[in-house]
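In case you want the letters, here they are:
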Amino acid sequence: VQFIRFPAFSYSESSAQLAELLTGQAGDAAETVIRRIVDDGAICVKTMYDVFAQITPSVEELSALAAAAHERNLPVFIHANRRESQAVAVAGGVDVIAHGMWRNQAEAPELDEESRRILAGVVSNNIGYQPTTQVIVGELDALDEADLERPELADVYPASLIEWYTDTLNGTPVRMRNSYAGAET
């Protein structure tokens, strides 16, 4: 289980403190994390496997996290948008895979045998699958100030979230900051 450097991460500890808290076997770390999540009132767990963000849990770590979450009836979601990450998700026993199976630029667009095998595992293990189809368009929309003024957003987002997106930090709107690096885009 790895510390994730995101502003919305639910733990206030520094990465050093969290690393110390989570030292030990994968099962022990997962149990500790799930206990904290449950104590915070969570109704699910979302983790990720993303090579670009350098967050790549092993099958063992993901299995331990899923087992600890399932003991408390919490479904496990995973951000896994590549073939490798979805293979780990299927082997790790998650409940829902978010974001579909994207291809790297060098990969052929055809569905190869490995991808078919992974997707068959999604089906045979009854894993929910959320193919996100508007990521790039949505990110481009987020750069447009007028996008947040659309009246229909109030039907799907709480006013506090819309306000948060329009808020600024040191003169930079939240929507313009890169959450992976903590830098402006």
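Calculation criteria
Residues numbered from 1 in each chain as written. Predicted model: local features only at pLDDT ≥ 70, side-chain atom pairs only at ≥ 80, totals over all residues. Heavy atoms only, no water. Pairing = 2+ DSSP bridges. Helix = DSSP H or I, 4+ residues; strand = E, 2+ residues; numbered from the N terminus. Right-handed = clockwise from strand over helix to strand, strands pointing away. pLDDT = per-residue confidence, 0-100. Contact = heavy atoms within 4.5 Å. Axes fitted to C-alpha atoms, helices over the stretch in contact; angles between N-to-C directions. Parallel < 35°, antiparallel > 145°, perpendicular 65-115°, else oblique. Left-handed = near helix turned anticlockwise from the far one by under 90°.

Looking at the pairing of strand β1 (residues 45-48)
The sheet contact formed by β1 and strand β2 (residues 76-79) spans 4 bridges and is parallel. Counted as the bridge partner of methionine 48 is histidine 79 from β2. For the segment spanning β1, helix α3 (residues 59-71) and β2, crossover handedness is right-handed.

Describing the confidence of the model for the protein
Here the protein shows a mean pLDDT of 79. Residues at 70 or above account for 75%. Contacts of residues 1-16 to residues separated by more than four positions or lying in other chains number 28 contacts, the stretch itself having pLDDT below 50.

Some words on the sheet that holds β1
With parallel pairing, the 4 strands of this open sheet are ordered in space as β1-β2-β3-β4. Every other strand in the sheet has two partners, leaving β1 and β4 (128-130) as the edge strands with one partner each. On average, each strand axis in the sheet is inclined to that of its neighbour by 20 degrees, with strand direction left out of account.

Re the packing of α3 against helix α4 (residues 83-92)
Relative orientation of the contacting elements α3 and α4 amounts to 45 degrees, with a least axis distance of 8 Å. Classified by the angle between their axes, α3 and α4 sit oblique to one another. α3 and α4 meet at a crossing whose hand is right-handed. Taking contact as the criterion, the partners of Val59, Leu62, Ser63 and Ala66 in α3 are, on α4, Val88, Ala89, Ala91 and Gly92.

Concerning the pairing of β2
Pairing analysis gives 3 bridges linking β2 to strand β3 (residues 96-98), with the strands arranged parallel. Each residue of the ladder has a partner; that of isoleucine 78, found in β3, is isoleucine 97. The handedness of the β2 to β3 crossover, carried by α4, is right-handed.

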